[in-house]
Amino acid sequence: MAGGEVRLILGGTERVLIPDFQAILEIEERLGGLIALAGRAADGDIGIREVTVILWAVMRDRPPFEEVGRLILEQGLVSVMGAVRDILAICLTGGGEPVLPGKS
C-alpha cells in the first residue's frame, strides 16, 4: 500500500485500487456506512457481495461487476482480504495513521 493506493493481483492481472471520494460514495450507497462495514470486516462478518462491491468500486479500469465477483471466488476470499482491509483503512483514515480522540 502506497499512500492512498492498494495493488492486488486478481485473475493474473495487477489491479490498482484507489478509494477516492466517488468510490467511497459507491460503497456507502450499496453497503451502508463505512465504520460499521469496517467493524464487520474486522470481525470476519463480510461476504462475497461486500468484498466484490468494495473491490469493484475502487478499481481503475474495472471489469464488469460480475466478473470481479467471479475472479474473487476463483482466487478465494481469503486471498483478497488484506487488500479489503487496507482499502477500508484508507477510507477511514485518509491514508494516514489514525489519531485517537484527545491525541494529536
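Before any of the text, the structure's been laid out above.
Attention here is on the structure that accompanies the text.

Calculation notes
- Residues numbered from 1 in each chain as written.
- Predicted model: local features only at pLDDT ≥ 70, side-chain atom pairs only at ≥ 80, totals over all residues.
- Heavy atoms only, no water.
- Helix = DSSP H or I, 4+ residues; strand = E, 2+ residues; numbered from the N terminus.
- Buried < 20%, exposed > 50% of the residue type's maximum accessible area, 1.4 Å probe, protein only.
- Contact = heavy atoms within 4.5 Å.
- Areas by Shrake-Rupley, 256 points an atom, 1.4 Å probe, with all protein chains shown as cover.
- Axes fitted to C-alpha atoms, helices over the stretch in contact; angles between N-to-C directions.
- Parallel < 35°, antiparallel > 145°, perpendicular 65-115°, else oblique.
- Left-handed = near helix turned anticlockwise from the far one by under 90°.
- Polar contact = N/O pair within 3.5 Å; in protein donor to acceptor, adjacent residues only side chain to side chain.
- Core = buried A, V, L, I, M, F, W, Y, C linked by side-chain atoms within 4.5 Å.
- Phe/Tyr/Trp six-rings, centres within 6.5 Å; stacked < 30°, edge-to-face > 60°.
- Lys NZ or Arg CZ within 6 Å of the ring centre and 35° of its normal.

Considerations on the overall build of the protein
Alright, step 1. For the protein, the count of helices and strands is five helices and two strands.
Alright, step 2. Tracing the protein from N to C terminus, the helices and strands come up as β-β-α-α-α-α-α.
Alright, step 3. Looking at the protein as a whole, 38% of its 104 residues are labelled buried.
Alright, step 4. In the protein, the share of contacts with a sequence separation of at least 24, taken over all contacts with a separation of at least 6, comes to 61%.
Alright, step 5. Taken as a whole, the protein presents about 6000 Å² of accessible surface, with 54% of it coming from carbon and sulfur.

What about the packing of helix H3 (residues 48-58) against helix H4 (residues 65-75)?
Alright, step 1. Taken N-terminus to C-terminus, the directions of H3 and H4 make an angle of 120 degrees; their axes are 9 Å apart at the nearest point. Of the possible angle classes, the one that applies to H3 and H4 is oblique. Here H3 and H4 pass one another in a crossing that is right-handed. Contacts between H3 and H4 involve Ile48, Val51, Thr52, Val53, Leu55 and Trp56 from the former and Phe65, Val68, Gly69, Ile72 and Leu73 from the latter.

Remarks on the side chain of glutamate 50
Alright, step 1. Within the fold, glutamate 50 resides in helix H3.
Alright, step 2. Reaching out from glutamate 50, the side chain makes a polar contact with the backbone nitrogen of glycine 47 at a distance of 2.9 Å.
Alright, step 3. Setting aside residues up to four positions removed in sequence, glutamate 50 forms contacts with Leu31, Leu37 and Arg40.

With respect to the nonpolar core
Alright, step 1. Core analysis: the biggest nonpolar cluster contains 31 residues, and Leu17, Ile54 and Leu55 have the highest contact counts within it.
Alright, step 2. Looking at this core, the elements that each hand over two or more residues are strand E1 (6-10), helix H1 (21-31), helix H2 (34-42), H3, H4 and helix H5 (77-93).
Alright, step 3. Not counting chain neighbours up to four residues away, the residues in contact with leucine 55 comprise Leu8, Leu17, Val68, Ile72, Val80, Val84 and Ile87.

Focus on the packing of aromatic side chains
Alright, step 1. Per the stated rule, a full pass over the model turns up one aromatic pair.
Alright, step 2. Centroid distance tryptophan 56 to phenylalanine 65: 5.7 Å. Interplanar angle 85 degrees. Geometry classified as edge-to-face.
Alright, step 3. You can call phenylalanine 65 partly exposed: its relative accessible area is 24%.
Alright, step 4. Note that arginine 30 overlies the ring of phenylalanine 65, its terminal NZ or CZ placed 5.0 Å from the centroid.
Alright, step 5. The ring of tryptophan 56 carries arginine 62 above its face, with NZ or CZ at 3.8 Å from the centroid.

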